[in-house]
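# Coordinates in review
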Amino acid sequence: MNGLLAGQVALVTGASGGIGRGIALRFAEAGAAVAVHHRTDEEGAREVVALIEDSGGSAIALHADLSVEAECHRLVREAADWGGGTLTALVDNAGVQPVQELPGMTVADWRAVVDTNLSSVFACTQAATEVMREGNGGSITHIASIEATHPAPLHAHYSASKAAVVMHARSAALEYGPYGIRVNTVSPGLIDRAGLAEAWPDGVQRWQQAVPTGRLGRPEDVGDACVFLASPMASWITGHDLVVDGGVSARPTW
């Protein structure tokens, strides 16, 4: 452990696999005690906890359905209670990314994405700031996406929700700054996962041809950005969107 986040208590939502797993492990490596949230993958969350504990860290697996406001508040309370009444970092990572054409999309389809990707961020942030205001402040990071500014076909609800997440962070940074609470976003590009190349070969190939760094992202790349934003090194950074995409956003589209 490098000690950059020593003494911190962090809650990472959607941390049972993928990007959330990478974030949780990076926080633990930096010395934070980590509450690992999951909605359905209890086994995955316990695996993350075991990895952290086997490395000498402290972690706990917590369950909540973040599409329900009361569950968001309960999750934050449980994480803070586990941390001895303290919560210094929140990473709002939980989200969904369904593929659906905009024509024919129902309001129910729209709400299913917005409630998970955006409303949960609002509720978890509100709950976390109540705890942080009682202490010495803290850091909140929302996981957005480069699709917040570069929408993709069949992702209208997803892209809109992530654009709103970026603006929520900026608004929250304004209102919570006086309490010592910083709020930022991290916008990843295409992050590799098991089976991605087989499920979307043309997309992966197009990405690798377009990205200046020549590779897909890794969960740890996102985790490193989140650790930085939660650390004292970012003490004067708030309301910022940190793009982690290997430079693909710099590629001209004309």
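Residues numbered from 1 in each chain as written. Predicted model: local features only at pLDDT ≥ 70, side-chain atom pairs only at ≥ 80, totals over all residues. Heavy atoms only, no water.

Stated formally: UniProt positions are given in the numbering used here, feature names are shortened, and annotations may be inferred rather than shown by experiment.
The protein chain has the name Glucose 1-dehydrogenase in an unreviewed UniProt entry, where Streptomyces scabichelini is given as its organism. According to the UniProt record, the Sequence similarities (unreviewed entry) comment for the protein chain is "Belongs to the short-chain dehydrogenases/reductases (SDR) family."

### Description of unusual backbone geometry
Definition in use: Helix and strand assignments follow DSSP, with helices taken as H or I runs no shorter than four residues and strands as E runs no shorter than two, numbered in order from the N terminus. Residue exposure (1.4 Å probe, protein chains only): buried if accessible area is under 20% of the type maximum, exposed if over 50%, otherwise partly exposed.
With phi around 70°, Leu154 is a residue other than glycine that occupies positive phi space. Within the secondary structure layout, Leu154 lies in the loop between β5 (138-143) and α5 (156-176). We classify Leu154 as partly exposed; its relative accessible area is 37%.

### Notes on the packing of helix α4 (residues 107-134) against α5
Test applied: Each axis is a line fitted through C-alpha atoms, taken for helices only over the stretch in contact, and angles between the N-to-C directions span 0 to 180 degrees. Angle categories are assigned with fixed cut-offs, so that under 35 degrees is roughly parallel, over 145 is roughly antiparallel, 65 to 115 is roughly perpendicular, and the rest are oblique. The crossing is said to be left-handed when, going from far helix to near helix, the turn is anticlockwise and less than a right angle, and right-handed when the turn is clockwise. Here, two residues are considered to be in contact whenever any of their heavy atoms come within 4.5 Å of each other. All residues other than Ala, Val, Leu, Ile, Met, Phe, Trp, Tyr, Cys, Pro, Asp, Glu, Lys and Arg, Gly among them, are scored as polar; the first ten of these are nonpolar and the last four charged.
Look at α4 against α5: their axes get within 9 Å of each other, and the N-to-C directions meet at 15°. Judged by the inter-axis angle, α4 sits roughly parallel to α5. Seen along the crossing, α4 lies across α5 with a hand that is right-handed. Here α4 contributes Asp109, Trp110, Val113, Asn117, Leu118, Val121, Phe122, Thr125, Gln126 and Thr129 to the contact with α5, which in turn contributes Ala156, His157, Tyr158, Ala160, Ser161, Lys162, Ala164, Val165, His168 and Tyr176. For the contact of α4 with α5, the class distribution of residues is eleven nonpolar, seven polar and two charged.

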